[in-house]
Amino acid sequence: MRFEEFQLERNQSLFENEVDYNLSESGVHPLKISEILTSEEQEQVLDTELFYGYTNGTPQLRKRVIDMYDQNLSLDNVLITSGSAEANFLSIMTQLERGDEIIYMVPNYLQIYHLARSFGIDVKTLPIRQEIGWQWDPDELKTIVSSNTKMIVVCNPNNPTGAIMKNEVMDRVIEIAEDLDCWILSDEVYRGAELNGVECRSFAGATNKTIVNAGLSKAYSLPGLRIGWTVGSKAYIDKAWSFHDFTVINVSYLSDWIASRILTEERRRKILDRTKDHLNHNLDLLCDWAADLPSITLSRPEAAAITFAKINLEMSSEEFVFDLRDHHSVLLTAGKWHGLEGYVRFGYGTPTDYVESALKRVKSFLSDKK
Ligand SMILES: Cc1ncc(COP(=O)(O)O)c(C=O)c1O
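Please read these numbers as outputs of a predicted model, since none were measured by experiment.

Rules used in this analysis
Residues numbered from 1 in each chain as written. Predicted model: local features only at pLDDT ≥ 70, side-chain atom pairs only at ≥ 80, totals over all residues. Heavy atoms only, no water. Pairing = 2+ DSSP bridges. Helix = DSSP H or I, 4+ residues; strand = E, 2+ residues; numbered from the N terminus. Contact = heavy atoms within 4.5 Å. Axes fitted to C-alpha atoms, helices over the stretch in contact; angles between N-to-C directions. 1 Å grid on protein atoms, 1.4 Å probe; cavity = no way out; pocket = protein on both sides within 12 Å on 5 of 7 lines; lining within 4 Å. Points joined across faces, edges and corners; volume = space filled by probe spheres on them. Nonpolar A, V, L, I, M, F, W, Y, C, P; charged D, E, K, R; others polar. Expected span 1.5 Å × (residues − 1). Buried < 20%, exposed > 50% of the residue type's maximum accessible area, 1.4 Å probe, protein only. Arc of directions from axis to C-beta. Phe/Tyr/Trp six-rings, centres within 6.5 Å; stacked < 30°, edge-to-face > 60°. Near = heavy atom within 4 Å. Areas by Shrake-Rupley, 256 points an atom, 1.4 Å probe, with all protein chains shown as cover. Sits in = over half its atoms within 2 Å of the grid points. Domains from an automatic or database assignment. Buried area = accessible area lost by both parts, 1.4 Å probe. Salt bridge = Lys/Arg side-chain N within 4 Å of Asp/Glu carboxyl O. Polar contact = N/O pair within 3.5 Å; in protein donor to acceptor, adjacent residues only side chain to side chain.

Draft legend 1. Fine view of the sheet that holds strand 13 (residues 343-347). Taken in spatial order, the 4 strands line up as 9-10-13-12 in an open sheet, and their pairing is antiparallel. At either margin of the open sheet sits one strand with a lone partner, and together these are strand 9 (296-299) and strand 12 (333-334). This element, helix 11 (residues 265-291), spans strand 9, strand 10 (306-311) and strand 13 of the sheet and lies at about 155° to strand 9.

Draft legend 2. Empty space enclosed by the protein, seen in detail. Counted under the stated rule, the structure contains 4 cavities of 30 Å³ or more. The volume enclosed by the largest cavity comes to roughly 80 Å³. Lining the largest cavity we find M68, Y69, E188, V189, R191, E199, A214, G215, Y220, W229 and R268. Its residues assigned to classes, the lining of the largest cavity comprises 6 nonpolar, 1 polar and 4 charged. Of the pockets and cavities examined, the second largest cavity occupies roughly 60 Å³.

Draft legend 3. Representation of helix 8 (residues 167-180). With 14 residues, helix 8 extends 20 Å between its outermost C-alpha atoms, agreeing within 8% with the 20 Å of an ideal straight helix rising 1.5 Å per residue. Within helix 8, the full set of buried residues consists of V169, M170, V173, I174, I176 and A177. Burial along helix 8 is one-sided: seen end-on, the buried residues are contained in an arc of 165°. Of the exposed residues in helix 8, those oriented more than 90 degrees away from the buried face are E168 and D179. Buried residues along helix 8 sit against helix 7 (138-144), strand 5 (149-155) and strand 6 (183-187). Looking at the residues trailing helix 8, positive phi occurs at D181, about 55°.

Draft legend 4. Inspection of the packing of aromatic side chains at higher detail. Following the criterion strictly, the structure yields 13 aromatic pairs and no others. Relative to Y236, the ring of W183 lies with its centre 6.1 Å away and its plane at 55°, an arrangement referred to as tilted. Taken together, the residues span a long stretch of sequence, with W183 in strand 6 and Y236 in helix 9 (residues 234-247) at a distance of 53 residues. In terms of burial, W183 and Y236 fall into one category: buried.

Draft legend 5. Molecular detail of the site of the ligand. Not every one of the 14 residues close to the ligand is listed here, only the nearest: S84, D187, Y190, S217 and R226. A total of 400 Å² of accessible area belongs to the ligand in isolation, and the protein chains cover 94% of it. When atom positions are compared with the pocket grids, the ligand is found to occupy the largest pocket. For the shell around the ligand, the leading source of residues is helix 5 (residues 83-95), giving 4 residues. Taken together, the residues of the shell around the ligand break down into 5 nonpolar, 6 polar and 3 charged.

Draft legend 6. Region of the structure containing the domain arrangement of the protein chain. Domains assigned within the protein chain are domain 1 (7-31 + 268-368) and domain 2 (50-263). Taking only C-alpha atoms, the centre of domain 1 and the centre of domain 2 are 25 Å apart. Domain 1 puts 36 residues into the contact, and the matching count from domain 2 is 34 residues. Roughly 2800 Å² is buried in total at the junction of domain 1 and domain 2, and carbon and sulfur atoms are behind 55% of that figure. Taken together, the connections running from domain 1 to domain 2 amount to 2 salt bridges. For R268, the salt bridge identified is with E199, shortest N-O distance 3.0 Å. On inspection of domain 1 and its partner domain 2, the count reaches 20 residue pairs in polar contact (both at pLDDT 80 or more). Counting only elements with at least two residues in the side of domain 1 that touches domain 2, the list comes to helix 1 (7-15), helix 11, strand 10 and strand 13. Examining the composition of the side of domain 1 that touches domain 2, we find that 10 residues originate from one element, helix 11, more than from any other. Residue composition of the side of domain 1 that touches domain 2, grouped by class: 17 nonpolar, 10 polar and 9 charged.

Draft legend 7. Up close: the environment of V362. By secondary structure assignment, the location of V362 is in helix 13 (residues 352-368). Along the sequence, V362 and H328 sit 34 residues apart, while their C-alpha atoms lie 7.5 Å from each other.

Draft legend 8. Geometry of the environment of Q42. Within the secondary structure, Q42 is located in helix 3 (residues 39-46). When its relative accessible area of 28% is taken as the criterion, Q42 is described as partly exposed. Discounting residues that sit within four places of it in the chain, Q42 has contacts with I33, S34 and L37.

Laid out in structure tokens, this is it:
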């Protein structure tokens, strides 16, 4: 089977550890174990026997996850996965077949886009539009769906724009999906990283055929735990779980152990407050930096450690990123890899002094382009 290249991840994988400054990350700088566990828990870690554990995730962790959603969910509505990447993979593998059609939001992370196309699924892209605040126009959605549409796929908050879907747009998406009796798949891995500190509305429980995927890599600053989850009906979860037998069997016992302890409401809030403070601080800095730069126009995100900047230069997004990478050793991601040419994505979740030093290099790169 031939897979399309996942350009975004491939470019990050190849260069993120080679450059002096990696601003291609979309999450917040990782926390240390010593910052998230009490000293007693750290002691317990040393004494932990490394079982396989529960292949669908421990009941403790699944309980923590369902408590994050304002819905009547039970433990049977959650499967713990190896990152939200695995959750997305399972959703596509279990619900779609060759020849099915999906509606896919762009710009986006494009994992599902490449994966679905590689499996012979017809992916119809529908852009969110900057002129309406990076939102979908629901009337456009209505005209693009067909009786063959099996799934509407969104990323909310959105990567790469950091936009949050408006309530009225969500309502229309749900209504359209219900009319078609099709799936909604909402990738919500950036939920919890809202700049105003208010967790946005989730699609969880919107319809019987709604799947929500998320995890701890972004808002929670814990990508190295590789903890994600998929939330949906029991029938869907049973199917995804049996597929998970083939992908990874289960997540690391230690990751599940740590996640179940740190996701109590109080501790979870503390992590998200840290995220909010850090992002607001760095975003102000980034906006000040960009204010007098004619060569790029930043779009202010509502969530996530990323901003999508319009390039006002005669060069493609890849030329911009490769030139900056090769001559100034700073890595960004190209709009093309997100499905929208003419933009580059800046990640600003790293420590403030790191972001500042990287931006100095970007400025010097841009001054050469005048
Ligand atoms: C929208 C989106 N979904 C999923 C992922 C995968 O994240 P993880 O597997 O670390 O949870 C990413 C990573 O950047 C992402 O941006």
